Amino acid sequence: MIIYNTLETPLGEAWIASSDAGICLLEFTDRYSEASQVQRLSKLFKCEVSKDHHPLISQAQLQLEQYFSGHRKEFDLPLDLAGTDFQRRVWHALTTIPYGITRSYLEQARTVSNDKAVRAVAKANGDNPVSIIVPCHRVIGSDGSLTGYGGGLWRKKRLLELEGCISVQASLFDQNPI
């Protein structure tokens, strides 16, 4: 059984879901509809999906509030990530990027032992189902520019500003559609 709900963040409303094994989704609601998220989770986990409360969702909400207030630099939530072996390796590698540090897509590819897999790494980053907690926002272009973020480049910029990443060249992405 997968339990999901919504939560408010400083960057907008997000869907959050958990199995008993761990958090399996954190995605901004303006990216996908509720019905498509439920269908996606049901297909990925081959189980029933229900809107309700779950202790791991409450724990994630608390840790996200701490993160956004500057009092948490690491998440210690169990994760239940459904993906290919390669995707799971890339997502695990994302969790090793420290708070306040960025990594290029090439560096990220080297982390998963394949410096020729830059595009595949970028695709896996884009498929990351647990935004913020699995910090794909910390991966930027080799030239320091912001590139791709499913939640919108303005959110990526805000997350990197929150973490104090001063090398971000993001002046073109100051728009906040909220």
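All figures in this text were calculated on a predicted structure; none of them were measured in a lab.

Scanning all chains against the criterion turns up 8 salt bridges. Across the pair D76 and R72 runs a salt bridge, and its minimum N-O distance is 3.8 Å. Of the charged contacts in the structure, one is a salt bridge between K123 and D127, with a shortest N-O distance of 2.9 Å. Residue class for K123 comes out exposed when judged on its relative accessible area of 53%.

On to the packing of helix α3 (residues 85-94) against helix α5 (residues 118-126), then. Relative to each other, α3 and α5 sit at 80°, their axes nearing to 9 Å. Viewed along their axes, α3 and α5 adopt a mutual orientation that is roughly perpendicular. Touching F86, Q87, V90, W91 and L94 of α3 are A120, V121, A124 and N125, all from α5. Classifying every residue of the contact of α3 with α5 gives 7 nonpolar, 2 polar and no charged.

So, on to helix α1 (residues 34-45). Taking 1.5 Å of rise per residue, 12 residues should cover 16 Å, and α1 covers 16 Å from first to last C-alpha, within 8% of that figure. Every buried residue of α1 is listed here: Q37, L41 and F45. Buried residues of α1 fall within an arc of 40° about the axis and therefore sit on the same side. Facing away from the buried side of α1, by more than 90 degrees, are the exposed residues A35, Q39 and K43. As for α1, its buried residues are in contact with β1 (2-9), β2 (12-18), β3 (23-28) and β4 (49-51).

Most often, soluble globular proteins have nonpolar side chains that are buried together. In this structure, L26, L64 and I132 are the most contacted members of the largest nonpolar core, which totals 37 residues. At the level of elements, β1, β2, β3, α2 (55-68), α3, α4 (105-111), α5 and α6 (153-162) are the ones that each hand at least two residues to this core. In terms of residue count, the dominant contributor to this core is α2 (6 residues). W15, C24, F45 and V49 belong to the second largest nonpolar core, which has 9 residues in total.

What follows is about α6. Residues W154, R155, K156, K157, L159 and L160 constitute the buried set of α6. In the core, the buried residues of α6 are packed alongside β2, β3, α2, α4 and β6 (139-140).

Attention now goes to the confidence of the model for the chain. Summarising the model, the chain shows a mean pLDDT of 90, and 93% of its residues fall at 70 or more. Per-element confidence in the chain ranges from a low mean pLDDT of 90 for α4 to a high of 97 for α2. Scored below 50 in pLDDT, residues 167-178 makes 25 contacts in the model with residues more than four places away or belonging to other chains.

On to the pairing of β1. Among the 8 residues that make up β1, 6 are buried, leaving the element largely enclosed by the rest of the structure. Judged from the 3 bridges that link them, β1 and β4 form a sheet pairing that is parallel. Looking across to β4, one finds that Y4 is bridged to K51. The sheet contact formed by β1 and β2 spans 7 bridges and is antiparallel. What sits directly across from N5, in β2, is I16.

Let us look at unusual backbone geometry. Positive phi is not limited to glycine here, since K46 has a value of about 50°. With respect to the helices and strands, the residue K46 is situated in the loop between α1 and β4. Positive phi, normally seen in glycine, also occurs at I132, with a value near 70°.

Reading guide: rules and limits
Residues numbered from 1 in each chain as written. Predicted model: local features only at pLDDT ≥ 70, side-chain atom pairs only at ≥ 80, totals over all residues. Heavy atoms only, no water. Salt bridge = Lys/Arg side-chain N within 4 Å of Asp/Glu carboxyl O. Buried < 20%, exposed > 50% of the residue type's maximum accessible area, 1.4 Å probe, protein only. Axes fitted to C-alpha atoms, helices over the stretch in contact; angles between N-to-C directions. Helix = DSSP H or I, 4+ residues; strand = E, 2+ residues; numbered from the N terminus. Parallel < 35°, antiparallel > 145°, perpendicular 65-115°, else oblique. Contact = heavy atoms within 4.5 Å. Nonpolar A, V, L, I, M, F, W, Y, C, P; charged D, E, K, R; others polar. Expected span 1.5 Å × (residues − 1). Arc of directions from axis to C-beta. Core = buried A, V, L, I, M, F, W, Y, C linked by side-chain atoms within 4.5 Å. pLDDT = per-residue confidence, 0-100. Pairing = 2+ DSSP bridges.

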